[in-house]
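Okay, here's what each chain looks like letter by letter:
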Amino acid sequence: MLWKHKALQKYMEDLNKEYQTLDQCLQHISVNQGDQRSLNQRHAELAPFAAIYQEIQKAEQAIEELESMCKSLNKHDEKQLQELALEERQTIAQKINMFYSELIQNLAPKEKYDENDVILEVTSGRTTGGDICQQFTREIFDMYQNYSHYKHWKFELLNYTPADYGGLHHAAARISGDNVYKHLKYEGGIHRVQRIPEVGLSSRMQRIHTGTMSVIVLPQPDEVDVKVDPKDLRIDKFRAKGAGGQHVNTTDSAVRLVHVPTGLVVECQQERSQIKNKEIALRVLRARLYQQIIEKDKCQQQSARKLQVGTRAQSERIRTYNFTQDRVTDHRIAYEVRDIKKFLCGEKNLDQLVQRLLQSANEEAIIEVLDKNLKSTKC
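**Some words on the sheet that holds strand 11 (residues 335-338)**
Next, step 1: Taken together, the eight strands give an open sheet; going across it, the order is 2-3-1-5-4-9-10-11, and neighbouring strands pair in mixed fashion. Looking along the sheet, the strands with just one partner apiece sit at the ends: strand 2 (154-162) and strand 11. Averaged over all neighbouring strand pairs, the angle between strand axes comes to 15°, with direction disregarded.
Next, step 2: As defined by bridge partners, strand 10 (residues 327-330) adjoins strand 11 across four bridges and the pair is classed as antiparallel. In the strand pairing of strand 11, Thr329 is matched with Glu336.

**Considering the sheet that holds strand 8 (residues 264-268)**
Next, step 1: Pairing is antiparallel across the open sheet formed by three strands, whose spatial order is 6-7-8. Two strands bound the open sheet, and with one partner strand each, they are strand 6 (233-238) and strand 8. Here the strands of the sheet are splayed against their neighbours by 15° on average, with no regard to which way each runs.

**Some remarks on the confidence of the model for the protein chain**
Next, step 1: Residues at a pLDDT of 70 or more form 82% of the protein chain, whose mean pLDDT is 81.
Next, step 2: By mean pLDDT, the top-scoring element of the protein chain is strand 10 (96), and the lowest-scoring one is helix 6 (residues 274-301) (78).
Next, step 3: Contacts for the low-pLDDT stretch residues 300-312, under 50 throughout, to residues beyond four places or in other chains number 25 contacts.

**Brief notes about the nonpolar core**
Next, step 1: Counting residues in each nonpolar core, the largest one holds 60 residues, and the members touching the most others are Leu120, Ile140, Leu184 and Tyr321.
Next, step 2: Not counting chain neighbours up to four residues away, the residues in contact with Ile140 comprise Met213, Val215, Tyr321 and Leu344.
Next, step 3: Listed in part, the 22 residues of the second largest apolar core include Leu46, Ile56, Phe99 and Tyr100.

**Digging into the environment of Leu257**
Next, step 1: As for its placement among the helices and strands, Leu257 is situated in strand 7 (residues 254-259).
Next, step 2: The spacing of Leu257 and Arg234 is 23 residues in sequence and 5.8 Å in space, taken between C-alpha atoms.
Next, step 3: In this structure Leu257 touches Arg234, Ile235, Leu264, Val265, Val266, Lys278, Ala281 and Leu282, once residues within four positions along its chain are discounted.

**Description of helix 4 (residues 132-150)**
Next, step 1: Taking 1.5 Å of rise per residue, the 19 residues of helix 4 would be expected to cover 27 Å, and the 27 Å separating its terminal C-alpha atoms lies within 8% of that figure.
Next, step 2: Residue His152 follows helix 4 closely and has a positive phi angle near 60°.

Here is what the cut-offs are and how they apply
Residues numbered from 1 in each chain as written. Predicted model: local features only at pLDDT ≥ 70, side-chain atom pairs only at ≥ 80, totals over all residues. Heavy atoms only, no water. Pairing = 2+ DSSP bridges. Helix = DSSP H or I, 4+ residues; strand = E, 2+ residues; numbered from the N terminus. Axes fitted to C-alpha atoms, helices over the stretch in contact; angles between N-to-C directions. pLDDT = per-residue confidence, 0-100. Contact = heavy atoms within 4.5 Å. Core = buried A, V, L, I, M, F, W, Y, C linked by side-chain atoms within 4.5 Å. Buried < 20%, exposed > 50% of the residue type's maximum accessible area, 1.4 Å probe, protein only. Expected span 1.5 Å × (residues − 1).

This is the structure:
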């Protein structure tokens, strides 16, 4: 547990001392108005940390007293007393874990993009087996749609290119709501599947196939964040295609945008209207340009320590779905969960993994803060 990390305990002890000093200062020492404002601001910043730290200290003291009492009990003492003490200890331990989680959330540096809506894109990979990638891509896209409903977010379909046997080549959706990017930012990457195909040409072989699909999570910018000069765009128009490559429209309603300065290409054929498809493609293009700005910003700020979660490229394999063993494994935090079908429902099981990823990322970020604090005190 990170709370047992000596550097964190020292850091919290120092913050608590600073808070107590400020508290005394504001009550008993008269200062000018400018200093008063800055002291009040710092006092307010430290208040939640000090409160949590003091609660943890009280809880740990209570556990020590209970353990001391249990040691003093002899064999003739009632077992009921020991059972009560054990129950009380478990209750206090749960409180400490709750305080610890709250402390981690407060200490972890906040990302300025966490509250943004996102554009989520899924793309089928390739496999020698044939079509399991397309099937898997559809299942993952459905999982995120269900997760959006579970979190009470709005899920707006932007693009959907179906494949044979009910599979999916590529799809994009805008997801909006509370802290969407915060929860989905670690879902970007390569998702791998291992299974015996149930449909399609591959199902005839009756052996385990391995395939992949990619997820890209792009924080959605405001209009003012990213401006696209029309002069930088090349616009191609073509007929929309469905599964198997057949044309589904008799007019050139599909749109392909090429951003000449960066070489980014975005296609959209979701709507029958060319104008609507162009609007959607522009929205996705802005999100991709915004992602480039964010990545550049992260590279400039990133220190020698790479966070275990969060600084990895979205081209890395992050998770394996092994259907034959009925197991999902997240490789970044060595997290395993059974019952793939339940996980793919995109509800509680997925949310638990998302929360573990957030906690792991927060802990890594706090360790980095502690390292910086330790270096600054040595200087």
